[in-house]
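The lines below spell out each chain.
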Amino acid sequence: MSLLSDLTAIVTAGFVAAGLDASFGAVQVSDRPDLGQFQCNGALSAARSAGRSPRDIARQVVTQIEGDHRLASVSIAGPGFINLTVTGRTLAGCMDAMAGDERLGVSPVEHPLKVIVDYAGPNVAKAMHVGHLRATIIGDTVARLFRFAGHDVLGDVHFGDWGLQMGMLIVATRRRRPDLAHFFDRSYEGPYEEPGALTLADLQEWYPEMARQVAEDEAVAAEARQATTDLQSGRPGYVALWEHFVRVSRASQERDFSDLGVEFDLWYGESTVRDLLRPLVDEALAGGIAVRSDGAVVIEVGRPEDKAEITPLVLETSHGAFLYGTTDVATIQMRVTELGAELILYVVDARQSYHLEQVFRAARRAGVSGRASMEHIGFGTMNAPDGTPFKTREGGVLRLGDLIEMVTDAAAARLKESDLAARYSGEERAVIARQVGIAALKFGDLVNNRTSNYVFDLRRFTALEGKTGPYLQMAAVRMDSILARADRQGLAPGAVLPPHHETETRLVLRLLQLPEAIDRALELRAPNHLAEFAYEVAADFSRFYEACHILTEPDPGLQASWLEMVRTTRRTLELLLDLLGIEVPARM
Ligand code: ARG
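A brief report on the enclosed structure follows. (Residues numbered from 1 in each chain as written. Predicted model: local features only at pLDDT ≥ 70, side-chain atom pairs only at ≥ 80, totals over all residues. Heavy atoms only, no water.)

Here we take up unusual backbone geometry. Most peptide bonds are trans, and most residues other than glycine sit at a negative phi. Between Gly 190 and the following residue, Pro 191, the backbone shows a cis peptide bond with an omega angle of 0°. By the element assignment, Pro 191 lies in the loop between helix 6 (164–176) and helix 7 (200–216). Unusually for a residue other than glycine, Leu 104 sits at a positive phi of about 55°. (Helix = DSSP H or I, 4+ residues; strand = E, 2+ residues; numbered from the N terminus.)

Here it is, written out as C-alpha cells:
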C-alpha cells in the first residue's frame, strides 16, 4: 500500500458512487503543487464517454469524497481536474509506517517469478570494452531490482566461449606457436600440459589480425571454420587449448567485474550447452521445424505480419558448425528445463535486437521455451563528445580496465580540487576515489534513458553538484554524519510529526513515492527512474536540511521527528544506491 494507492482508492470510490467506471479514479502527483499535492484527471475522460460536462462529474465526485478524514482539501481546477491535499497527520502517519517497515513500504510482487538476467556477455580472448560496460552496469541494476521486488533471480554472464572465434584462435596459435605443435597432432595422445606462456595479451593481439585475415582470405576462413567444427566435436588437443583460452580470459574479466562491484550467480558460457546442440538440431529437423537450405540447417522465423523481413535463423552451417544463435536457442532450453526459468531478460546492445528476435522466435517454434517469456532489454551506445562511439585517444577500443582507472583518476582530481578527504590517509583517499569514480561512471550511465545513446563526459559525471553519482554519495555521507552527531549528543529519532516546514512536506511527499518509483523502473525495465528518483530525494533532502536546523532545534519532539526524517531518507537513498550498484564511502 502507498499513499498514492490509498488516494486512488478514495477517488475511485467517489467515481463508482457517482455511477462511473472505477478506472477513472487514478490519482497522480500534482503537476501544479500550488493547487494541491495530488490530482485526478479522470473526470475529463469520464465526461467524454458519458457525454457530460467534466466539471459536473468532478463536482459529483468531490461531494462523495470531501468528508474523508485523510484529506485536508479537495478542489476543482480548470476544465475538471480534481486537486487533493492530504492532512499533515496523514503524512506523518504514512512516514511513520514507512520508517517502521523493513522494505520502506514497498511490497514484494504477488507472483514471484524465476528470472534469469543474461548480461555483460564478455568473450574469450577479447578484453572487455565499453560496449560490455553498459550491459554490465544496466544488467546488474536490473538483476538487483528484480531481486528486491521479490523475484527469484539468477544473473548469468553468458560467456562467449564457443563460436567461430574459438576456431580463429586455434588457427592463430598454430601459426604463431610452433612449439605447441603437439596440440595439433592427431596422433598425439596427450597428456597436454598447460601452455603457460600463452597469455591473454597474446590472444588479444592475435585475434583482430586473425579476424582481418578470415574476412579477406577464404582459405584462412575455411581453416578457422574447420578448427571450430573440430573443437565442437571434441578434438582433444583443441579442447585443451580452448580450456586454456577460457581460463586466462575469465581471470582477467573477473578482475574487471570485481572492480565494478559486479558479481554473477552463474558463470555459464555458450559452451555450457554444447551437448544440447546436436540433439536440438536433429530433433528440430525430425519434427519438420528446421529445414535444410543449401546444406545448412535453418529454422524459418518470418511471419506474414512482419513489416521488414526476418530471415531464417541458421542452426548449423553447411560446414557442420553451430553458431551464436544455436547456442542461444539451446541456452533457452537449458534455462527453462534445468533452471526453471519463467522470464529471461537479455540485457544486450540494441544492435543485437534482430538476432535476439530470431532466437526468441526460433526457440518458440522449436518448443524449447515452454511457458517462459524472453525479453530483450536493449540499450544505446556510449559515445565520445563528438558523437562517435567511445575510443581511446589512439583510436583503439578502450578497455574496461583502463576506463576504470581513468574514472578513478578523475575522481581523485575532483576530490583534490574540492579539498575533500584531504586530511585522510593516502590509502583511504585511494579507496574513496575508486568508490567515487565508479559511482560517477555508473550513475552517468544509468541516469540516461537506456535506449538512448549518451556522451561520456568525465567532468560532468564526477561533478559534486547536480545529477551525478558523487552528489548522491555526498548527500548520503552528510546524512550519516548528522545521525552520528545526534547519536553522540544522545539524541534519537522518534515519532514523525505533521510537517512544520514546506521543505519538509516536499521531502515527505517525495519519500512516499518510493513504491511508485520502484514500480515504474520495474515495469519499464528502466534504471533511469531509480536514478532520477534518488537524485530528487537527495535534492529535497538538501532543501530540508538548509531550512530546518535539526541539531540545534530546541523542541525535542520536533527534533526527534526530524531525525527520523533523516534516518528514513538515508535508508531510502541506501536502497536506491544499492539498486544502482553504488557504494557510499564511510566519509568524504
Ligand atoms: N558475447 C556477446 C557479445 O559480445 C553478447 C552476449 C549476449 N547474450 C546473448 N545471450 N546473446 O556480443
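A few words now on the packing of aromatic side chains. Taken as a whole, this structure holds 17 aromatic pairs when the rule is applied. Their ring planes at 35° and their centres at 5.0 Å tell us that Phe 183 and Tyr 192 sit as a pair that is tilted. Residue Phe 183 is classed as buried on the basis of its relative accessible area of 1%. Seen in terms of ring centroids, Tyr 454 and Phe 461 are 6.2 Å apart; in terms of plane orientation they differ by 40°. Their pairing is tilted. Site record: aromatic cluster; members linked through ring pairs are Tyr 119, Phe 159, Phe 257, Phe 264 and Trp 267. A cation sits over an aromatic face here: Arg 103 above Phe 148, 4.3 Å from the ring centre. (Phe/Tyr/Trp six-rings, centres within 6.5 Å; stacked < 30°, edge-to-face > 60°. Buried < 20%, exposed > 50% of the residue type's maximum accessible area, 1.4 Å probe, protein only. Lys NZ or Arg CZ within 6 Å of the ring centre and 35° of its normal.)

Approximately 480 Å³ is the volume found for the largest pocket. The wall of the largest pocket is formed by 27 residues, among which Gly 121, Asn 123, His 132, Tyr 324 and Gln 352 lie closest to the centre. Elements represented by at least two residues in the lining of the largest pocket include exactly helix 5 (130–148), helix 6, helix 11 (324–337) and strand 10 (343–347). Considering each element in turn, the lining of the largest pocket owes the most residues, three residues, to helix 5. Residue composition of the lining of the largest pocket, grouped by class: ten nonpolar, ten polar and seven charged. (1 Å grid on protein atoms, 1.4 Å probe; cavity = no way out; pocket = protein on both sides within 12 Å on 5 of 7 lines; lining within 4 Å. Points joined across faces, edges and corners; volume = space filled by probe spheres on them. Nonpolar A, V, L, I, M, F, W, Y, C, P; charged D, E, K, R; others polar.)

The next point concerns the sheet that holds strand 9 (residues 313–316). Pairing in this open sheet of three strands is antiparallel, and the strands run 7-8-9 from one edge to the other. The open sheet terminates on both sides in strands that have one partner only, identified here as strand 7 (290–293) and strand 9. Here the strands of the sheet are splayed against their neighbours by 45° on average, with no regard to which way each runs. Of the strand pairs in this sheet, strand 8 (residues 296–299) and strand 9 are connected by three bridges, and their pairing is antiparallel. Residue pairing for strand 9: Ile 299 is matched across the bridge by Leu 313. (Pairing = 2+ DSSP bridges. Axes fitted to C-alpha atoms, helices over the stretch in contact; angles between N-to-C directions.)

Its 14 residues give helix 11 an end-to-end C-alpha distance of 20 Å, which sits within 8% of 20 Å, the value for a rise of 1.5 Å per residue. Across the 14 residues of helix 11, twelve count as buried, placing the element largely inside the fold. Listing the buried residues of helix 11 in full gives Gly 325, Thr 326, Thr 327, Asp 328, Val 329, Ala 330, Thr 331, Ile 332, Gln 333, Met 334, Arg 335 and Val 336. (Expected span 1.5 Å × (residues − 1).)

Contact pair helix 16 (residues 469–488) / helix 20 (residues 556–579): the axes reach a minimum separation of 10 Å and the direction vectors enclose 145°. Relative to helix 20, helix 16 is oriented so that their crossing is left-handed. Between helix 16, through Leu 472, Ala 475, Ala 476, Met 479, Asp 480, Ile 482, Leu 483 and Ala 486, and helix 20, the contact on the second element is made entirely by Leu 563, Val 566, Arg 567, Thr 569, Arg 570, Leu 573 and Leu 577. Residue classes in the contact of helix 16 with helix 20 are distributed as eleven nonpolar, one polar and three charged. (Left-handed = near helix turned anticlockwise from the far one by under 90°. Contact = heavy atoms within 4.5 Å.)

On to helix 3 (residues 54–65), then. Between the first and last C-alpha of helix 3 there are 17 Å, a value that for twelve residues agrees with the 16 Å anticipated at 1.5 Å per step. Of the positions making up helix 3, those classed as buried are Ile 57, Ala 58, Val 61, Val 62 and Ile 65. Viewed end-on, helix 3 has its buried residues packed into an arc of 135°, placing them on one side of the element. Among the structural elements, helix 1 (3–17), helix 2 (42–50), strand 3 (71–77) and strand 4 (81–86) are those in contact with the buried residues of helix 3. (Arc of directions from axis to C-beta.)

So, on to the site of the ligand. The immediate surroundings of the ligand are formed by Asp 118, Gly 121, Asn 123, His 132, His 158, Tyr 324, Asp 328, Tyr 346, Val 348 and Gln 352. In the environment of the ligand, a nitrogen atom lies 2.7 Å from a nitrogen or oxygen atom belonging to the side chain of Asn 123. A distance of 2.8 Å is found between a nitrogen atom of the ligand and a side-chain nitrogen or oxygen belonging to Tyr 324. The protein chains hide 87% of the 350 Å² of surface that the ligand would expose on its own. With respect to the pocket detection grid, the ligand is positioned in the largest pocket. Here the shell around the ligand is built from residues that sort into three nonpolar, five polar and two charged. (Near = heavy atom within 4 Å. Polar contact = N/O pair within 3.5 Å; in protein donor to acceptor, adjacent residues only side chain to side chain. Areas by Shrake-Rupley, 256 points an atom, 1.4 Å probe, with all protein chains shown as cover. Sits in = over half its atoms within 2 Å of the grid points.)

With that out of the way, let us pick up the packing of helix 4 (residues 88–99) against helix 17 (residues 502–511). Running from amino to carboxyl end, helix 4 crosses helix 17 at an angle of 50°, the nearest separation of the two axes being 10 Å. As the angle between them shows, helix 4 and helix 17 are arranged oblique. Every pair of crossing elements has a handedness; the one defined by helix 4 and helix 17 is left-handed. Contacts between helix 4 and helix 17 pair Leu 91, Met 95 and Met 98 from the former with Thr 505, Val 508, Leu 509 and Leu 511 from the latter. Grouping the constituent residues of the contact of helix 4 with helix 17 by class yields six nonpolar, one polar and no charged. (Parallel < 35°, antiparallel > 145°, perpendicular 65-115°, else oblique.)

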